[in-house]
Amino acid sequence: MGKRDVEASEVTVSIVGGGSVATSWCYHFVQELATHPERARGLTLRIHEPRERVGRGVAYADDLQSNLLNVTVGAMSVAGDDKMHFKRWLDAKGIGSFAERRIESSSFVSRELFGRYLEHVFDEAVATAVALGANVVRVHDAVISLNRAEDSRWTLQGAGGGSWKADRVVLAVGNLRSTRFEHIEPAASYAPTPYPTKSLLDGVGVDARIGILGTSLSAVDAIVGLLARGHRGPIYAVSRNGRLPSVRGLLNPPLALRSLVRDALVERKRLSQKMTLEEVFNLIRLELVAAHGAGSDAESLHQIAFDVPDPAEYLDREIEIARTQPRVWQAVANALNSCVDLAWDVLDREGRQRFEQEWRPSWMARRVSFPLENALILRAMLEDGRLEVRRGFESVVSLPGGGYSIRLSSSTGEPEALQVDALVDATGFSTDVTKSDSLLVKGMLASGLAVADPFGGIRVDFDSGAVLGASDNVEPTITVLGSLAAGTYFWTNAMEVNARLAMNQARALSKDLGRVLLMS
């Protein structure tokens, strides 16, 4: 760190962001302080978050009960080493049912409920840190710039004009706003995000024709949310491939990867050797074979990845399979969360590029499944004609008299124009920092403090999470979490992965503080 670190009381840590990943980092860091209370002496933790409350972020804000998590209760947690943390919190609070069903580890509950949990975890972490002697400061402002000060510390500038100094900075800024449809003018009939669904397209008539840009998880949330709010008009969900997500199997077995997968990845990492895409796929294939057992039937991975059947037929099949048989490929995919970042790290550049070009659309459409409850809603809407899922999306424009025209390609070669009264961008967040409108990110790139990663976010040192600058230098006093590190850790939209990375970074910083104390 720097000369100032001779005295532990002079250490200030700024956490930029107040969503789920920042909360996970705070939880783990304070856990370390509780184990080593001497490290809290005089320490200042400063949380920069413009929203009134810390914990929820955008993803888990107050919302309709129909806006469900896409991960089960037993797999959602701020703790990187304790998947049941959320479930135990529910039990401790006496929250035993949701939507008139008993909450089990395999249950899906609302995002809003998980947001309540996040707020509680953050508040408890703050109380513990203060009790240990640390100073915790809330800054209700967004950070718009980060620059090296003359004393080698960092100066953080706020949108409201405030300025703060810090010795260490943790960037957990959340998802960057999508800029795919910047040409669409802001209007009451256009929602740049589906969230929160409780206020989605307020003021638009219940019989309006609505276009949903996207057919993935965010699109499902938008469709279900509109229905829950009483919308009666037709809804058109469009994307390039028209793929709906897979449905989470009710009978999926608990599964952990065999040690040979991690051992193979760790060995390649140790030797600084890369793997081809075929080698990584072969490891996964071996796990699928081992999980199924000799002679058992498996769902066709080629069919799962590449077939795009009629949406109603697809949901019929998905619902039937989800209800009647274990989906072992889903269990293996979930188990991969334990080392998916390591697999991405040892994958060679050509393999990364091929994955991005050939496999990412399939991965994104199938990897994260959605609850059976919502699948049943979508199927009913498809059957009665209230919902259409279309492929071939090309572009969208605003119409002079109001409304929007969505251009779709067709098998005949003649494009089709689909006209709607209102529009929702449900294509998800962006990881392309070169197109980000974030002043903080733009400033870091312009100064050379950060460099865009070709696979998303900014370049980050895999082992430490520290920023890699323009000269390929590691800046150990700035670490990165969440989608801003997507190019390094790949699956940064999974809470399980983010919590593990937050745990590792928090523990590493705590150890640094311990070393400072030993030297003082």
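For the structure itself, look to the data block above.
Below: a short report on this structure. (Residues numbered from 1 in each chain as written. Predicted model: local features only at pLDDT ≥ 70, side-chain atom pairs only at ≥ 80, totals over all residues. Heavy atoms only, no water.)

## As for the overall build of the protein chain
A count of helical and extended segments in the protein chain gives 15 helices and 19 strands. Taking the principal axes of its C-alpha atoms as reference, the protein chain extends roughly 75 × 60 × 50 Å. Across the 520 residues that make up the protein chain, the buried fraction comes to 52%. The contacts in the protein chain between residues at least 6 apart in sequence include a share of 73% that link residues at least 24 apart. Where the 58 positive side-chain charges of the protein chain centre and where its 64 negative ones centre are 2 Å apart. (Helix = DSSP H or I, 4+ residues; strand = E, 2+ residues; numbered from the N terminus. Buried < 20%, exposed > 50% of the residue type's maximum accessible area, 1.4 Å probe, protein only. Contact = heavy atoms within 4.5 Å. Lys, Arg positive; Asp, Glu negative; His and termini not counted. Charge placed at Lys NZ, Arg CZ, Asp CG, Glu CD.)

## Quick look at the pairing of strand 14 (residues 393–398)
Of the strand pairs in this sheet, strand 14 and strand 15 (residues 404–408) are connected by five bridges, and their pairing is antiparallel. Bridge assignment links S395 to a residue of strand 15, and that residue is R407. (Pairing = 2+ DSSP bridges.)

## Considering the packing of helix 6 (residues 277–292) against helix 11 (residues 349–366)
How two helices sit against one another is set out by the angle between their axes and by the gap between those axes. Look at helix 6 against helix 11: their axes get within 9 Å of each other, and the N-to-C directions meet at 70°. By the angle class used here, helix 6 and helix 11 are roughly perpendicular. Between helix 6 and helix 11, the residues in contact are L277, E278 and F281 and G351, R354, F355 and W359, respectively. (Axes fitted to C-alpha atoms, helices over the stretch in contact; angles between N-to-C directions. Parallel < 35°, antiparallel > 145°, perpendicular 65-115°, else oblique.)

## Some words on helix 11
Along an α-helix, residues three or four apart share an orientation, since each turn contains 3.6 residues. In helix 11, a bend of some 65° at W359 exceeds every other bend along the element, and P361, a proline, comes one to four places later. Among all positions in helix 11, only G351, R352, F355, S362, W363, A365 and R366 are buried. (Bend = angle between axes of the 7 residues up to and from the residue.)

## A few points about the packing of aromatic side chains
Two aromatic rings are characterised by how far apart their centres lie and by the angle between their planes. For the structure shown, the criterion picks out 15 aromatic pairs. Pairing F86 with Y117 gives two aromatic rings, centres 4.8 Å apart and planes at 45°, and the pair type is tilted. Here F86, found in helix 2 (residues 85–92), pairs with Y117, found in helix 3 (residues 111–131); they are 31 residues apart in sequence, far enough to count as distant. Note on F86: relative accessible area 0%, which makes it buried. Between the aromatic rings of F462 and Y489, the centroid separation amounts to 5.5 Å while the plane-to-plane angle is 50°, which identifies the pairing as tilted. Placement of F462 in the loop between helix 13 (439–447) and strand 18 (466–468) and of Y489 in helix 14 (residues 486–489) is noted, with a sequence separation of 27 residues between them. Residues F462 and Y489 agree in their burial class; the two are buried. Joined through ring pairs, the aromatic side chains of Y60, F86, W89, F114 and Y117 make up one cluster. (Phe/Tyr/Trp six-rings, centres within 6.5 Å; stacked < 30°, edge-to-face > 60°.)

## Examining the environment of A291
In this structure, A291 sits in helix 6. Classification of A291 by relative accessible area gives partly exposed; the value is 29%. Placed 33 residues apart in sequence, A291 and R258 show a C-alpha to C-alpha distance of 9.6 Å. Those residues in contact with A291, other than ones at most four positions away along the chain, are L255, V328 and V332.

## Details of unusual backbone geometry
Backbone torsion omega between Y195 and P196 reads -5°, so that peptide bond is classified as cis. Of note, A99 is a non-glycine position whose phi angle comes to about 55°, a positive value. Its identity is not glycine, yet D472 carries a phi of approximately 65°, on the positive side. If you trace the backbone, D472 turns up in the loop between strand 18 and strand 19 (474–480). Owing to a relative accessible area of 48%, D472 belongs among the partly exposed residues under this scheme.

## As for the packing of helix 2 against helix 3
Two elements in contact, helix 2 and helix 3, have axes whose closest approach is 11 Å; the angle formed by their N-to-C orientations is 90°. It follows from the interaxial angle that helix 2 and helix 3 lie roughly perpendicular. For the pair helix 2 and helix 3, the contacting residues are H85, F86, W89 and L90 in the first and L113, F114, R116, Y117, H120 and V121 in the second. Split into classes, the residues belonging to the contact of helix 2 with helix 3 amount to seven nonpolar, two polar and one charged. (Nonpolar A, V, L, I, M, F, W, Y, C, P; charged D, E, K, R; others polar.)

## Notes on the pairing of strand 1 (residues 12–16)
Counted residue by residue, strand 1 has five buried out of five residues, so it is predominantly covered. The alternating pattern of strand 1 places T12, S14 and V16 and V13 and I15 on opposite faces, both of which are buried. In terms of strand pairing, strand 1 meets strand 2 (residues 44–48) through five bridges, oriented parallel. Looking at the pairing, S14 lines up with R46 of strand 2. Relative to strand 9 (residues 168–171), strand 1 runs parallel, the two being bridged by four bridges. Within strand 9, the residue paired with V13 across the bridge is R168.

## Digging into the sheet that holds strand 7 (residues 154–158)
Backbone hydrogen bonds hold the strands of a sheet together, and the pairing may be parallel or antiparallel. Spatially, 6-7-8 is the arrangement adopted by the three strands of the open sheet, whose pairing is antiparallel. In the strand order of this sheet, the two ends are held by strand 6 (143–148) and strand 8 (163–166), each with one partner. In this sheet, neighbouring strand axes are inclined to one another by 25° on average, regardless of whether the strands run parallel or antiparallel. Relative to strand 8, strand 7 runs antiparallel, the two being bridged by four bridges. Within the sheet, the bridge partner assigned to L156 lies in strand 8 and is W164.

## Some details on the nonpolar core
Formed by 109 residues in total, the largest nonpolar core has its most connected members in W25 and I212. Dropping the residues within four chain positions of it, I212 is found in contact with A219, A222, I223, L226, I235, Y236, A237, V238, V424 and A426. By size, the runner-up hydrophobic cluster in this structure holds 22 residues, among which are Y60, M76, F114 and A499. (Core = buried A, V, L, I, M, F, W, Y, C linked by side-chain atoms within 4.5 Å.)

## Details of the sheet that holds strand 14
Spatial ordering of the open sheet is given by 14-15-16, a layout of three strands whose pairing is antiparallel. On the outer flanks of this sheet lie strand 14 and strand 16 (416–420), each paired with one strand and no other. In this sheet, adjacent strand axes meet at a mean angle of 25° when their direction is disregarded. With five bridges connecting them, strand 15 and strand 16 associate as antiparallel partners. Pairing of I406 across the sheet is with L418, part of strand 16.

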